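These are the residues of each chain, in order.
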2 protein chains.
Amino acid sequence: MTTTSSTPSRQVDFYFDFSSPYSYLASESIDALAKRHQHTVNWIPMMLGVIFKATGSAALTEQHPWRASYAVMDFQRSAEMAGLPFRYPSRFPQASHNAARVLLWLQQTAPSKAKPFALAVFRNLFVHDGDIQDADNLAAIGRTLEIDEAALRASIQDPAVKQRLVANNEAATSRQVFGAPTFFVGTEQFWGHDRMPQLERRLQQLNAV
Amino acid sequence: MTTTSSTPSRQVDFYFDFSSPYSYLASESIDALAKRHQHTVNWIPMMLGVIFKATGSAALTEQHPWRASYAVMDFQRSAEMAGLPFRYPSRFPQASHNAARVLLWLQQTAPSKAKPFALAVFRNLFVHDGDIQDADNLAAIGRTLEIDEAALRASIQDPAVKQRLVANNEAATSRQVFGAPTFFVGTEQFWGHDRMPQLERRLQQLNAV
């Protein structure tokens, strides 16, 4: 998989981390948004920990207490504004590389199950307080989508799958991604669930040309 | 002036720094937003430098280069989305305490000229590339509003006015303000120009009770 520096025409790149609340909010509407303007979405799981290491940043809830407590409140309020259920997880932030690997494996071997699995993982963490790093929990999510359990468990340890996640992280840092969710249209960057109206405006403008 | 921990009913507190681009964007629509829902707005200038010292943060353009260059682009794009003119200042960020002091003086001595002056200062910095710390420039802005020039210049050095700015900073930090613009409805905090739709939704809900 080669690193792209520009998203292909009629496509939107959606970089996310399964442990990011604003990525969850974005995941619930990004496909419909893009479809309204005849675009498709590339779901690209990455590790925010790698991003934060590159930029010297940290999760919102690990920043100054004033900002951290505001963030916890803002997650909830932003979900309400979006009409989405949200429950602040009892374990937060969570490691998310196992869930990311299963998604990467599905994208290659059973693409029709990839986005349903990703949505189910986000909801498991941010609505049902699940542990998305736990292989048994991921297998249970997979069962609801009729995903082969042994193959799912194997994908978590598959060196080729692990390497794809590393490649996604490298693509993200090469494009100067510093948070999640981050969207690209061509080379233009949109950071945050709250920038989706600006993303939509850009797709409208592209269609008007 | 006493520190308030809760904004009075039917009012919105609007904490801002004249050197903050997103505060400029907010300044252009906050009064109309509040008025649509029968609220008034208290314009409260403060110093982001004091806030950043309290929280160990820094201006966006002084953070990691990836985030800083994104911010400069996002200022422009957010202004376009809001239908507002914007030109990235050649001096940024700027000290803004002189402009804040003139505003505080007007709020006490000529309240009808306070908001027009504040709007003119924001536009001077973010549209016309002015130096809003320069007393001659502030006096020129004042002349367009028929504000007495000698009294305006004196306000910048007035110990009582200086003390009011210190009090605003203390009020902001006591309410855990960590950025600008920040709005309060009662004790509820809204941070950022991009949270104005959530602020508006809350005012609608209050009126529906």
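Worth saying up front: this structure is predicted, and the values here are computed from it rather than measured.

## Things to note about the pattern of salt bridges
Here is step 1: For the structure shown, the criterion picks out 28 salt bridges over all chains.
Here is step 2: In this structure, the salt-bridge partner of A:Glu149 is A:Arg153, at a minimum N-O distance of 3.1 Å. Separated by four residues within a single helix, A:Glu149 and A:Arg153 lie in helix α8 (residues 149-156), roughly one turn from each other.
Here is step 3: One salt-bridge network, held together by shared partners, links A:Asp74, A:Arg77, A:Glu188, A:Asp194, A:Arg195, A:Arg202, B:Asp74, B:Arg77, B:Glu188, B:Asp194, B:Arg195 and B:Arg202.

## Section: the interface of chain A and chain B
Here is step 1: On the side of chain B, 28 residues touch chain A, which itself brings 28 residues to the contact.
Here is step 2: When chain A packs against chain B, close to 2,800 Å² is buried across both sides, 53% of that on carbon and sulfur atoms.
Here is step 3: Among the residues of chain A in contact with chain B, A:Trp66, A:Tyr70 and A:Arg77 are the three that bury the most area, contributing 26% of the side total.
Here is step 4: Our count for the contact surface shared by chain A and chain B stands at six salt bridges.
Here is step 5: When the shortest N-O distance is used, the salt bridge between B:Asp74 and A:Arg195 registers 2.8 Å.
Here is step 6: Joining chain A to chain B, the criterion identifies 16 residue pairs in polar contact (both at pLDDT 80 or more).
Here is step 7: Those elements that place two or more of their residues in the side of chain A that touches chain B are α3 (48-55), α4 (65-81), β4 (188-191) and α10 (196-208) of chain A.
Here is step 8: At ten residues, the largest contribution of residues to the side of chain A that touches chain B is made by α4(A).
Here is step 9: Residues of the side of chain A that touches chain B, tallied by class, amount to eleven nonpolar, eight polar and nine charged.

## Some details on helix α3 (residues 48-55) of chain B
Here is step 1: Taken together, the buried positions of α3(B) are occupied by B:Leu48, B:Ile51, B:Phe52 and B:Thr55. Down the axis of α3(B), the buried side of the element spans an arc of 95°, and every buried residue falls inside it.
Here is step 2: Tucked into the core, α3(B) has its buried residues touching α4 of chain A together with α9 (159-174) of chain B.

## Considering the pairing of strand β4 (residues 188-191) of chain B
Regular strands show a simple pattern: their side chains alternate between the two faces of the sheet.
Residue and element names in this part refer to chain B.
Here is step 1: Inspection of the sheet shows strand β3 (residues 182-185) paired to β4 by four bridges, in the antiparallel sense. Residue pairing across strands places phenylalanine 183 opposite phenylalanine 190, the latter belonging to β4.
Here is step 2: Between the antiparallel neighbours β3 and β4 lie two residues, among them glycine 186 with a positive phi of about 60°.

## Some details on the nonpolar core
Soluble globular proteins tend to pack their nonpolar side chains together in the buried interior.
Here is step 1: Residues A:Phe18, A:Phe117, A:Leu138 and A:Phe183 are the most contacted members of the largest nonpolar core, which totals 51 residues.
Here is step 2: With eight residues, the top contributor of residues to this core is helix α6 (residues 114-126) of chain A.
Here is step 3: Excluding residues within four positions of it along the chain, A:Phe183 makes contact with A:Val12, A:Asp13, A:Phe14, A:Ala26, A:Ile30, A:Glu188, A:Gln189, A:Phe190, A:Gly192, A:Met196 and A:Leu199.
Here is step 4: Counting residues in hydrophobic clusters, the runner-up holds 50 residues, among them B:Ala34, B:Phe126, B:Leu138 and B:Val185.

## Topic: the packing of aromatic side chains
Here is step 1: Scanning the model with the defined rule gives 42 aromatic pairs over all chains in all.
Here is step 2: A centroid spacing of 5.2 Å and a plane angle of 65° characterise the contact between A:Phe178 and B:Tyr70, whose relative ring orientation is edge-to-face. Of the two residues, A:Phe178 is situated in the loop between α9 (159-174) and β3 (182-185) and B:Tyr70 in helix α4 (residues 65-82); the pairing between them involves two chains. The residues A:Phe178 and B:Tyr70 share a single accessibility class, namely buried.
Here is step 3: Ring centres of B:Phe18 and B:Phe122 lie 5.0 Å apart, and the angle between their planes is 55°; on these two criteria the pair is classed as tilted. On the criterion of sequence distance, the pair formed by B:Phe18 in the loop between β1 (11-16) and α1 (21-27) and B:Phe122 in helix α6 (residues 114-126) is long-range, its members being 104 residues apart.
Here is step 4: Judged by relative accessible area, which is 1%, B:Phe18 ranks as buried.
Here is step 5: The cationic tip of A:Arg175 hangs over the ring face of A:Phe184; the distance from NZ or CZ to the ring centre is 3.9 Å.

Thresholds applied
- Residues numbered from 1 in each chain as written.
- Chains lettered and ligands numbered in written order.
- Predicted model: local features only at pLDDT ≥ 70, side-chain atom pairs only at ≥ 80, totals over all residues.
- Heavy atoms only, no water.
- Salt bridge = Lys/Arg side-chain N within 4 Å of Asp/Glu carboxyl O.
- Helix = DSSP H or I, 4+ residues; strand = E, 2+ residues; numbered from the N terminus.
- Contact = heavy atoms within 4.5 Å.
- Buried area = accessible area lost by both parts, 1.4 Å probe.
- Polar contact = N/O pair within 3.5 Å; in protein donor to acceptor, adjacent residues only side chain to side chain.
- Nonpolar A, V, L, I, M, F, W, Y, C, P; charged D, E, K, R; others polar.
- Buried < 20%, exposed > 50% of the residue type's maximum accessible area, 1.4 Å probe, protein only.
- Arc of directions from axis to C-beta.
- Pairing = 2+ DSSP bridges.
- Core = buried A, V, L, I, M, F, W, Y, C linked by side-chain atoms within 4.5 Å.
- Phe/Tyr/Trp six-rings, centres within 6.5 Å; stacked < 30°, edge-to-face > 60°.
- Lys NZ or Arg CZ within 6 Å of the ring centre and 35° of its normal.

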